[in-house]
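Results of the structural survey
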Amino acid sequence: GWGRLTESWNTDPTMFVSRSRSICGLETKARLPGCTTLRGALSKNDTSSFRKEIEYSLHAEVHSAIGGAWQCSMPGGESLNIGDMLASLPSNATQALENVALNLNLFWRGMFNSSLNSHYPILCPENLKCAEGGYNASWSARECRCSNPAFDMMMANASTLDEEYDVSYNALDDSMFFILAAYKSQGTRISDFLAQGVDGKWMWLDSNGAFLDDDTNKAMTAFIGKLIFHPGFIGPFTGPLAGTNDPLFWTVHSNFEHLWHYKRASAQQNSSRVTWSDTWDVYTTDDDWYQMMGCWGYLYDAKLPWSNLFGESASIENDANVVYSDIREELMSQMLDMNEVRGQSGYTNRELSDLFDPWNSNSLFQYSSFSWSHCEAE
C-alpha cells in the first residue's frame, strides 16, 4: 500500500489516526459550525460569496479544531503552549492569538513552502527517520522536530523582549506572514485583529479594534513568530492534506457537497427571479497568491489532477455497462474533447461544475433530500 500519508512537516511518529482536544495547549472556546453558520451560508446567492462562506465559516477552522496539535516547542525545549500564553495576556488581547491558533495548519504549510518563505525555511527530518511507527534508535524525540536554523540562531542571541520582538517581526515580515494574514486570510477573521500603525509596522488589535499596548503587542509578536516557524505534531485531520485518513473527513465534506447541490437545484425552481449566479471569483487575478500557499487549481479553467470520474475511457463489459457508458460519453462530449479525456488531461473547474450540476439529467449521483431537520426545529 501507500503506507502512512501525512504533511511533510508533521513528524509525529504514530501510525494511527490521532486527534487532540487542544491546539498547542489551547482548548479553544470556538464552537464547531452549527445551524446559524448553515443559515449564513444558505443566504448567499452566488458562487463567489457562497464558496467563501463554505470555505471559511464551515470548513477551514474545523480541521484544526478537530485534529488539534500537540508538543509545540522550540528546538531547545522552550514550550510554545498557547493556553499558557493566553493566560499571561490581557483579556481583550486573546482573540487575536486564538484566531492564529485555529489557522496554524495553513501558516505551517505556507512557511514550509520554500517559494513563499525563502529567508526562514522550516527544515524537517525525513519521514523515514522519524515517522515509521516510532523514532529511529539513533534519533531522539527532540531531533525529530522541525527547526528553523536562521530564525533559531538569531532568537538564541536575543535576551530581552525587545530583541525577541525584533527577530520575530523581521522574520514574519520577510516571509509575508503579515500580508497573508491581513489580506489573504480575511475569511479566517485574523484580519480583524491586525493593522498597520502610523510607522507602517503591523500591530495586533484588541477585541474592540484598538491597538494593543506596546509590551503586549511585542510579546504577542515574539510568541507568534516562534509558533509559526516551529510546527507541532498534528492529527491527520489538521493537515488537511492527509485529512482523508480520518473517517470524520468524509462525513464533514459530504455535507459541503450537499449544500452546493441544494443551492444550485433550488435556483432553477425559482425561475421567475434570479436566486443564484454561477459566477466564479477566481479567473486570473490573485492566483499567484493561492499557488504560493499551496492551493493550486483555483482558476476557473485550471487543469486539475482528476479525470475519468464517469468512466469515460472504461471498457464495456456487459449490456448494463453499455447504457452507462453511453450516458457518460454523451455527458462528457458536451464539454471535453474525448481524446483529451482519454489522454488523462484532467478536468477543469468549469467542467466539474457542469458535470455535477444537480439538474444535469445524465448525472449518476443525486441527493435524496435537502432537509436539515435539526435546524428546522430550532
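The rules behind the values
Residues numbered from 1 in each chain as written. Predicted model: local features only at pLDDT ≥ 70, side-chain atom pairs only at ≥ 80, totals over all residues. Heavy atoms only, no water. Helix = DSSP H or I, 4+ residues; strand = E, 2+ residues; numbered from the N terminus. Contact = heavy atoms within 4.5 Å. Buried < 20%, exposed > 50% of the residue type's maximum accessible area, 1.4 Å probe, protein only. Arc of directions from axis to C-beta. pLDDT = per-residue confidence, 0-100. Phe/Tyr/Trp six-rings, centres within 6.5 Å; stacked < 30°, edge-to-face > 60°. Lys NZ or Arg CZ within 6 Å of the ring centre and 35° of its normal. Salt bridge = Lys/Arg side-chain N within 4 Å of Asp/Glu carboxyl O. Axes fitted to C-alpha atoms, helices over the stretch in contact; angles between N-to-C directions. Parallel < 35°, antiparallel > 145°, perpendicular 65-115°, else oblique. Left-handed = near helix turned anticlockwise from the far one by under 90°. Nonpolar A, V, L, I, M, F, W, Y, C, P; charged D, E, K, R; others polar.

In the annotation of an unreviewed UniProt entry, the protein is listed under the name Tyrosinase copper-binding domain-containing protein and assigned to Octactis speculum.

What follows is about the side chain of Ser168. Mapped onto the elements of the fold, Ser168 is located in helix 8 (residues 161-174). The contacts of Ser168, once residues within four sequence positions are left out, are Phe151, Met155, Thr221, Ala222, Gly225 and Lys226.

Before going further, it helps to examine helix 1 (residues 35-42). Taken as a whole, helix 1 has its buried residues at Cys35, Leu38 and Ala41. Viewed end-on, helix 1 has its buried residues packed into an arc of 115°, placing them on one side of the element.

This part is about the confidence of the model for the protein. Low pLDDT means the predicted atomic positions in that stretch should not be read closely. Residues at a pLDDT of 70 or more form 74% of the protein, whose mean pLDDT is 77. When mean pLDDT is compared element by element in the protein, helix 10 (residues 214-228) scores highest at 97, while helix 14 (residues 338-342) scores lowest at 38. Scored below 50 in pLDDT, residues 133-139 makes 16 contacts in the model with residues more than four places away or belonging to other chains.

Glancing now at the packing of aromatic side chains. Scanning the model with the defined rule gives twelve aromatic pairs in all. Taken together, a centroid distance of 5.5 Å and an interplanar angle of 70° make the contact between Phe177 and Phe178 edge-to-face. Each member of the pair, Phe177 as well as Phe178, is classed as buried. By the ring-pair criterion, three or more aromatic residues cluster together here, those being Phe107, Tyr165, Tyr169, Phe177, Phe178, Trp202 and Trp204. Taking NZ or CZ as reference, Lys201 lies 4.7 Å from the ring centre of Tyr169, over its face.

One pass over the structure, following the stated rule, counts seven salt bridges. The shortest N-O distance in the salt bridge between Arg19 and Asp246 comes to 2.7 Å. Here the residue Arg19 occupies a position in the segment before helix 1, and Asp246 occupies one in the loop between strand 4 (233-234) and helix 11 (248-269), the gap between them amounting to 227 residues. Under the relative-accessibility criterion, Asp246 is labelled buried at 0%. Put simply, Arg264 and Asp357 hold a salt bridge, and the shortest N to O gap is 3.7 Å.

Right, let's get into the packing of helix 7 (residues 149-156) against helix 8. The contact between helix 7 and helix 8 brings their axes to 9 Å, and the two run at 160°. The orientation of helix 7 relative to helix 8 falls into the category roughly antiparallel. Note that helix 7 runs across helix 8; the crossing there is right-handed. Along the contact surface, helix 7 presents Phe151, Met154 and Met155, while helix 8 presents Glu164, Val167, Ser168 and Ala171. The class makeup of the residues in the contact of helix 7 with helix 8 is five nonpolar, one polar and one charged.

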